[in-house]
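Coordinate inspection notes
Residue strings, one per chain:
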Amino acid sequence: MKSQEIRQKFLNFFEEKGHLIVPSAPIVLKDDPTLMFNNSGMAQFKEYFLGNATPKSKRIADTQKCLRVSGKHNDLEDVGFDTYHHTMFEMLGNWSFGDYFKKEAIAWAWEFLTEVLKLEKDRLYVSVFEGNPVENVPFDQEAFDLWKQYVSEDRIIMGNKKDNFWEMGDQGPCGPCSEIHIDLRTDAERAAVSGFSLVNADHPQVVEIWNNVFMEFNRKADGSLEKLPAQHVDTGMGFERLCMAMQGVTSNYDTDVFTPLIRKVEEITGLKYTDNTVKDITEQQNKINIAIRVVVDHVRAVAFAIADGQLPSNNGAGYVIRRILRRAIRYGFTFLGTKEPFIYQLVDVLAVQMGAFFPEIVAQKNLVENVIKEEEASFLRTLEQGLHLLDQVIEKTNGKVVDGAKAFELYDTFGFPIDLTALILREKGFELDEAGFEAAMNEQKTRSRAASEVSTDDWTVLISGNVEQFVGYDQLENQVKITRYRKVDSKKDGKLFQLVLDATPFYPEGGGQVGDSGFIVSANEAIPVIDTKKENNLILHIVRALPANIEGTFTAKVDVEARQQSMANHSATHLLHQALRTILGTHVEQKGSLVAPTHLRFDFSHFAKVTEEELQLVEDFVNARIHEQLPLIERRSIPFNQAVAEGAMALFGEKYGDEVRAIRFGESMELCGGTHVQNTADIWQFKIVSEGAVAAGIRRIEAITNKAARAFYAEQEHTLKELKGVLKNPQDTLKAVVALQDENAKLKKQVEQLLKEKAKNLKGELKGQIQVINEVAFLAIEVDLDANGAKDLAYELGNEYTNLYVVFGSVANDKPMLTCYVSKEIVETKGLNAGQIVRELGKYIQGGGGGQAFFATAGGKNPDGMKEAISHAIDFLK
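Now for a description of the structure that goes with this document. (Residues numbered from 1 in each chain as written. Predicted model: local features only at pLDDT ≥ 70, side-chain atom pairs only at ≥ 80, totals over all residues. Heavy atoms only, no water.)

Quick look at the overall build of the chain now. Secondary structure summary: the chain contains 25 helices and 37 strands in total. C-alpha extents for the chain along the principal axes are approximately 105 × 75 × 50 Å. The buried share of the chain, taken over its 878 residues, is 51%. For the chain, the computed accessible surface area is about 40,800 Å², with 48% contributed by carbon and sulfur atoms. Distance from the positive charge centre (99 side chains) to the negative charge centre (126 side chains) of the chain: 2 Å. (Helix = DSSP H or I, 4+ residues; strand = E, 2+ residues; numbered from the N terminus. Buried < 20%, exposed > 50% of the residue type's maximum accessible area, 1.4 Å probe, protein only. Areas by Shrake-Rupley, 256 points an atom, 1.4 Å probe, with all protein chains shown as cover. Lys, Arg positive; Asp, Glu negative; His and termini not counted. Charge placed at Lys NZ, Arg CZ, Asp CG, Glu CD.)

As structure tokens, then:
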């Protein structure tokens, strides 16, 4: 049975059981501060389990893209070495929010696996929670009794807390779980050793395929458990493992989820992958197999993350994506012999395989290919640079053990993989000081962990029920009460408190717009709100101190000026998006934004630099819409499909509900939850301040409006007045500046000519000071010339000697410079190397440099060391 059919059968089965089928949420989480990525099927439903929102159906089923590479759930280092771990994987799930519980979940799981998919019953084992007396959680007798209806007791395993008690995190909903495992070994192997003993023992053919979590507890900050007001079911079935079971293979990578990608890698590299039926393979073939598994797994994770709007970068979620991709590149480089970008070519195969269920990979294919290709090219250059730096480390190593701290510097600063370092060192007869590397790594981790450590208290609930609402679209001040609060303590920010209000006017950070600031005011005090965020459907107001009377009535006051500036910038981003699509083409799509009171930033897909003429057209387009005084047309509860049909822009990577908010200014219409001006005239003016590349195929425009634009023009006017004053108030300022530039260019040419003549005259003087040492014409001296003059002089002398070795020292603007010239003939015969010479002499002037063997320069910081540097130039002839 093909993977597409297996996926569809699951969704059809649960739709028949009264479940609403919903699309996968984006793999990248943009508005959840507790998670970077969807790491499980339930992540998009957290607010329902916490009771902070009401689901649109009590029964839901889906297939969810998941990513596990960081934090508690980290499978990255296992990927490739075994046949069943992945970075990105699909989780087939069915959910009950206070509706059915253990009886139905267990019955339907068994029905689907054995009657719909017709898996052999004698290959299946189940587990139930054995209980934990320490936490006062009993043995799951109910699940045990239910399973006895379907399997014999010798197929029911007692699972401990690690295996059979699922938790969302350190705090939050949790509960016992019941897993289903399958034994895919041969009949002979099963007869020899019972599958019962291999469950949860990391056997590659005895694997968990389905986990039924019964959410009935809430884990509090002190570690204790309390009963949830309602019981929920959260199930997750590993799609790739299910395909392995259904397709009669013993490796996820031998299923049609991965085989088309593997065939493409074979085609590109000319190497062959051996499937799991081949047992006796060479060490070299095993390395090839691992590398191919790494590549085909990682390209899925990276491609879908980019399609969902997360570009590789040097921090946060972007760094995780870059790290995954670089691991794939490095395995290809080391074990598949790929010295040119190739992973991007797999995206087309991925789009064909998964496009029907995940249309974003088709719609964003060109962008994904371009970003991956550029990242590959960039990291391959880094690997080349790392190899050069590693050679330098080896050169300076005494003995055969390379300092682990130096290897860590290569890893940390330049991204050079440590296992590649170890491999190269072994090939060259060296060893890596692994203990030193681990010590440096642990020291950095400790620093990082300490800086990001956060402790969060439980909520203190003052008003129960989902009474919270946002009123900030209509008012910036409102009477409020605090419904709940908690303390958050971190090394970075210190002690803070998060307040939730019943009817807040504060806009929480989201959709690119920063959160509001302001005050919560009572008759006796004013508590500053320093930021506003959203978490699990709750709007959190960040304050440094609690009000004296926490249960009192307050006035919530948003910082009006900051909000108005943010509104102007947010509305301008919509007009900018429209302008770019009008002027550059409809291929332009928003790929990220920042809307702050001071400025706006807009990332968009486009495969060329935006010209000055195009930027001016964009700016003029936006300002024309501003001057048209277009009114805001806002529709707060419009069906998603209707809004899109009417022309509203929906962004890939965003999670939309069935009903959305649509914002229209003239012909610009977008789905947006942010705050906006009532009329484009309120933006006042739009001014682009920069345009540049963010990644391959992604450009960024930064711009200002309103108050910031006024300040910009005032500053420009002030600068122009000062310039006129310096130029003695000419009638035509531009003409005066051009004349000054022309005069400066003529003077510069005259100076260059004088310096050349000076160098020629100096040449005659210096020829008499050249010494012949060991058949080398040698001269080391300080000269009063700039860098170009010293170079010209060195080459002038070089034209007259075939055995010249010269070092010039010069100081310009208090910055020392060394220039070294070595005749090509004695580079070969005497082994002199100008690059090595300036690197060594550069130490005396606290600097460094390099170049070719026959000519090199070095700059430094210490002019006082010049005499010593010159005096040591002769050492290279001894």
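The next thing to look at is unusual backbone geometry. The phi dihedral of aspartate 202 is positive, around 60°, even though this residue is not glycine. Position of aspartate 202 relative to the elements: it lies in the loop between helix 6 (187-192) and strand 10 (206-219). The backbone phi angle of asparagine 729 is positive, close to 50°, even though this residue is not glycine. Checked against the element boundaries, asparagine 729 lands in the loop between helix 20 (706-726) and helix 21 (733-767). In this structure asparagine 729 comes out as exposed when scored by relative accessible area, which is 56%.

Counted by the stated rule, this structure contains 37 aromatic pairs. Consider the rings of phenylalanine 602 and phenylalanine 604, whose centres lie 6.3 Å apart with planes at 25°: the pair is stacked. Taken as a pair, phenylalanine 602 and phenylalanine 604 share a single burial class, namely buried. The ring of tyrosine 125 has arginine 155 sitting right over it, with the charged end atom 4.6 Å from the ring centre. Positioned above the aromatic ring of tryptophan 684 is the side chain of arginine 710, whose terminal nitrogen or guanidinium carbon lies 4.3 Å from the ring centre. (Phe/Tyr/Trp six-rings, centres within 6.5 Å; stacked < 30°, edge-to-face > 60°. Lys NZ or Arg CZ within 6 Å of the ring centre and 35° of its normal.)

Moving on, we come to the side chain of threonine 555. Assignment of secondary structure puts threonine 555 in strand 24 (residues 553-558). A polar side-chain atom of threonine 555 sits 2.7 Å from a polar atom in the side chain of glutamine 479. In this view, threonine 555 contacts Glu477, Asn478, Gln479, Phe519, Ile520 and Val521; residues no more than four positions away in its chain are not counted. (Polar contact = N/O pair within 3.5 Å; in protein donor to acceptor, adjacent residues only side chain to side chain. Contact = heavy atoms within 4.5 Å.)

Ordered in space as 25-26-31-30, the 4 strands form an open sheet in which the pairing is antiparallel. On the outer flanks of this sheet lie strand 25 (590-595) and strand 30 (686-695), each paired with one strand and no other. Recorded for the sheet is a direction-independent mean angle of 15° between the axes of neighbouring strands. As defined by bridge partners, strand 30 adjoins strand 31 (residues 698-705) across 8 bridges and the pair is classed as antiparallel. Bridge pairing in strand 31 places glutamate 691 opposite isoleucine 701. (Pairing = 2+ DSSP bridges. Axes fitted to C-alpha atoms, helices over the stretch in contact; angles between N-to-C directions.)

For the rest of this paragraph, the subject is the pattern of salt bridges. Here the structure, examined in full by the defined rule, presents 52 salt bridges. In this structure, the salt-bridge partner of aspartate 658 is lysine 56, at a minimum N-O distance of 3.3 Å. One end of the pair, aspartate 658, is in the loop between helix 19 (640-645) and strand 28 (659-665); the other, lysine 56, is in the loop between helix 2 (46-49) and strand 2 (59-67), with 602 residues separating them in the sequence. Between lysine 365 and aspartate 348 there is a salt bridge, with the nearest N and O atoms lying 3.4 Å from each other. Of this pair, lysine 365 sits in helix 13 (residues 365-395) while aspartate 348 sits in helix 11 (residues 347-354), and the two are 17 residues apart along the sequence. Sharing partners across several salt bridges, the network here consists of Lys102, Asp140, Glu142, Glu216 and Lys227. (Salt bridge = Lys/Arg side-chain N within 4 Å of Asp/Glu carboxyl O.)

Turning our attention to the nonpolar core. Judged by nonpolar contacts, the single largest core of 125 residues is most densely connected at Leu113, Trp210, Leu242 and Ile372. With residues up to four places along the chain from it excluded, the contact list for isoleucine 372 reads Val299, Val302, Ala303, Ile306, Leu325, Ile343, Tyr344 and Val347. Counting residues in hydrophobic clusters, the runner-up holds 29 residues, among them Met567, Phe604, Ile626 and Val677. (Core = buried A, V, L, I, M, F, W, Y, C linked by side-chain atoms within 4.5 Å.)

What follows covers the pairing of strand 6 (residues 124-129). Across the 6 residues of strand 6, 6 count as buried, placing the element largely inside the fold. Going residue by residue along strand 6, you find Leu124, Val126 and Val128 tucked away on one face and Tyr125, Ser127 and Phe129 tucked away on the opposite face as well. Examined bridge by bridge, strand 6 and strand 9 (residues 172-183) share 3 bridges and lie antiparallel to one another. In the sheet register, valine 126 faces strand 9, and the bridge partner there is isoleucine 180. As defined by bridge partners, strand 6 adjoins strand 7 (residues 156-159) across 4 bridges and the pair is classed as parallel. Looking at the pairing, valine 128 lines up with methionine 158 of strand 7.

In this section: the packing of helix 1 (residues 3-16) against helix 7 (residues 239-246). Axis separation between helix 1 and helix 7 bottoms out at 10 Å; the angle between their running directions is 115°. Classified by the angle between their axes, helix 1 and helix 7 sit roughly perpendicular to one another. Every pair of crossing elements has a handedness; the one defined by helix 1 and helix 7 is right-handed. Note on element contacts: helix 7 touches helix 1 through Phe239, Leu242, Cys243 and Met246, opposite Ser3, Ile6 and Arg7. For the contact of helix 1 with helix 7, the per-class residue count stands at 5 nonpolar, 1 polar and 1 charged. (Parallel < 35°, antiparallel > 145°, perpendicular 65-115°, else oblique. Left-handed = near helix turned anticlockwise from the far one by under 90°. Nonpolar A, V, L, I, M, F, W, Y, C, P; charged D, E, K, R; others polar.)

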